[in-house]
Amino acid sequence: SAGLGVFAGKSYPAGSLVGRVGNPAFPTVDHDWHNSPPASHVSKNEGDYHWPLTNYDWHARDVGMDDEAEDVTVTVAGFGAAPNCHFRLLNVEEHRATYATAGIDRYDSPGAGASTPWFNRSSTAERDVAAGSELFVDYGSNWFLSRENFNLVPVYENFEKAQAFLKKYGRLLVGSENPKDLVEDKMSLDDEVQKDLWEVVKTFPYPTREREALPESHKDAVRAIHGDIQAIEKENSIRSVDYLKEHGKCVDNIVPGPSNIPHAGRGAFATRFIPKGGLVAPAPVVHIVDKVATNMYAETIGGPQGNIVRDEEKLVSRQIILNYVFGHPNSTVVLFPYSSNVAYINHDAAEYNAELRWAKDAPWIHREDWLNKSVEFLEDQWSSGLMLEFIALRDIQQGEEVLINYGEEWQKAWDEHVKNWKPMPPESDFNNVTWWTQPAESPNNKRGYIRAATFNSDNTTPLRTLTEQKIVPYSHNVQMICMLNTNHESAYLFQPSTVPFFVRDYDAERDDPDDFHSKGDYQHLCNITDRYVWENDLEDPEEEEENNHGHRYTVRMIVKKLSEEVDVFEEIHEIHNVPRSSIEFRNKYYSSDTWLKGAFRHEMKLPDELFPKAWMNVVPKKEEAEKEG
């Protein structure tokens, strides 16, 4: 009933990369806030604006985007969206994405911020995967438990209960728990009666997740009684490679690489020869009925409480995913293709070698009748039901970049952007859109934008103190985090009249984050007030040198505390002899290239002959002017 599935065209040993390369990832930030009611600090609920990608998105932590923004969800194409989840057959493990801008420099390229810098979210085989196996990833139980339309999908514990039920069913059939007794001549019920009985079990009028975890046929039920439901499900999930070649769509005809198009970053390149008319890539799409849902607004003070609310008069940007959807000037509807690597297919208005068409032979995912349905119908659909295909317009050679035409509206918008774009000197780089477009607290000294990972990977340079940073500051986009335990046994019966000040030495046992109850207990913004050479006192001096640069630090943190007896207040903690391993750099929210102020945003155009007329709900400007005249 899942519709689309992803299958292995070859065998994958445990731990090996599934596919040729990882997939791109697209952060969406503060989405509920940007779609909240006017002058309200309360975010809209999911149902108040149409965003089916919520059923395909990942938590920021799972993809490695914790510090991208305050509130982040992440859309991952390819293996991040297409595979299904079966808790007894999980065979693919997902990893974090990598941040790299593919040579696009925010200080000298108009393409900066126009393409996602997050890529190579890789997937590896969790165990040996045989050719023809369906590939399953772990959505997490809560994904199903939190969605009403998936209220019968079994999760981990349901399979355990289903297996326990099968053992009782086996005793009913033969009066024994011995697997050797499960043979036809020892069963008290003949095959027809077993079939009828199992049909009663599977069609009982009160469906549950446990019932859905049971095998479909009565014969499979008998096989699973003293075996495992997993073995039956695994067997039923495998297709022959010949079957896949005849009925499936190959997703590894293209692979990302440095594009030949100026300012484009990455492009898509053919992994094999693709003949004229051949399939470059399938592209199932998720529909969004109104692209306004990608708008990002400035902040203002409003509402009866004087809250920070969105200013509908000041559109400051749009979510990065807008650059990866297809739409039409006469419609609010846009389509996001989520197949592997199609997001890397770039534009060339003159030399394009591929084009789009609607899929003709994929009824398991492409519901052609949707093309004649209204926008109101689409708004009631919260999962993918359509598929496009990229088709070669001529022979495409192995290693050749695949290009399409994004449309004249896109070309006009890009030309205008390039015309008006001006280079930004590093010392004026204050990132980025909305309220955080404020000057850095300290001058950037032409150091430019440097990601936190660069500092965290430096195992030789001592960290700078506050005094040193006044002369040689770190890049404006990073901040220091100290992973130290600020819990204590002091009890506050009333609001302190002064700020409590605690001083102590670093304690390896107390400050071990594995012993803390939550990350909030030990991750704090901090400053280094002193640095000193540390004489190694570990059994392995090389380990001390590698982890701590041969130095220890005095750090100071201002920590907010919340107590039932008193209001929120602050404490100051000063800790001495802190090792380098307890200090991390983090990127400040909204500081990545994704949210550069003035970054290019525009959807691609689905050609007139492909875009459904039933979805054209916007009056063209020319017709509107004629009516007014």
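Residues numbered from 1 in each chain as written. Predicted model: local features only at pLDDT ≥ 70, side-chain atom pairs only at ≥ 80, totals over all residues. Heavy atoms only, no water.

Engineer: I'd love a proper account of the sheet that holds strand 21 (residues 523–525), names of residues and values included.
Structural biologist: If you walk across this open sheet you meet the three strands as 21-19-25, and the pairing is antiparallel. Each edge of the open sheet is held by one strand with a lone partner, namely strand 21 and strand 25 (583–587). Across this sheet, the average inter-strand angle for adjacent strands is 40°, counted without regard to direction. Bridge analysis of strand 19 (residues 478–483) against strand 25 gives five bridges, and the strand direction is antiparallel. (Pairing = 2+ DSSP bridges. Helix = DSSP H or I, 4+ residues; strand = E, 2+ residues; numbered from the N terminus. Axes fitted to C-alpha atoms, helices over the stretch in contact; angles between N-to-C directions.)

Engineer: Lay out the packing of helix 5 (residues 191–202) against helix 7 (residues 218–225) with the relevant residues and their values.
Structural biologist: Interhelical geometry of helix 5 versus helix 7 gives an angle of 90° and a closest axis separation of 9 Å. When the axes of helix 5 and helix 7 are compared, the pair comes out roughly perpendicular. Residues Asp191, Gln194, Lys195 and Trp198 of helix 5 form the contact with helix 7, whose own contacting residues are His218, Lys219, Ala221 and Val222. (Parallel < 35°, antiparallel > 145°, perpendicular 65-115°, else oblique. Contact = heavy atoms within 4.5 Å.)

Engineer: Please set out the state of the cysteines residue by residue, giving values where relevant.
Structural biologist: Tallying each qualifying case throughout the model produces one disulfide. What pairs with Cys482 in a disulfide is Cys526, and their sulfur atoms sit 2.1 Å apart. Every disulfide takes its handedness from the sign of the S-S torsion; for Cys482 and Cys526 that torsion is 75°, giving right-handed. Of this pair, Cys482 sits in strand 19 while Cys526 sits in the loop between strand 21 and strand 22 (527–533), placing them 44 residues apart in sequence. Across the pair, exposure class does not vary: Cys482 and Cys526 are buried alike. (Disulfide = S-S within 2.5 Å. Buried < 20%, exposed > 50% of the residue type's maximum accessible area, 1.4 Å probe, protein only.)

Engineer: Explain the nonpolar core to me, and be specific about the residues and the numbers.
Structural biologist: Nonpolar side chains tend toward joint burial in soluble globular proteins. If you look at the biggest cluster of nonpolar residues, it comprises 53 residues, and the most contacted ones within it are Ala25, Phe26, Val63, Val74, Leu135, Phe336 and Tyr338. If sequence neighbours within four positions are ignored, Val63 has contacts with Ala25, Trp58, Val74, Val76, Arg96, Ala97 and Arg121. If you look at the next biggest cluster of nonpolar residues, it comprises 40 residues, including Ala283, Val289, Trp370 and Trp410. (Core = buried A, V, L, I, M, F, W, Y, C linked by side-chain atoms within 4.5 Å.)

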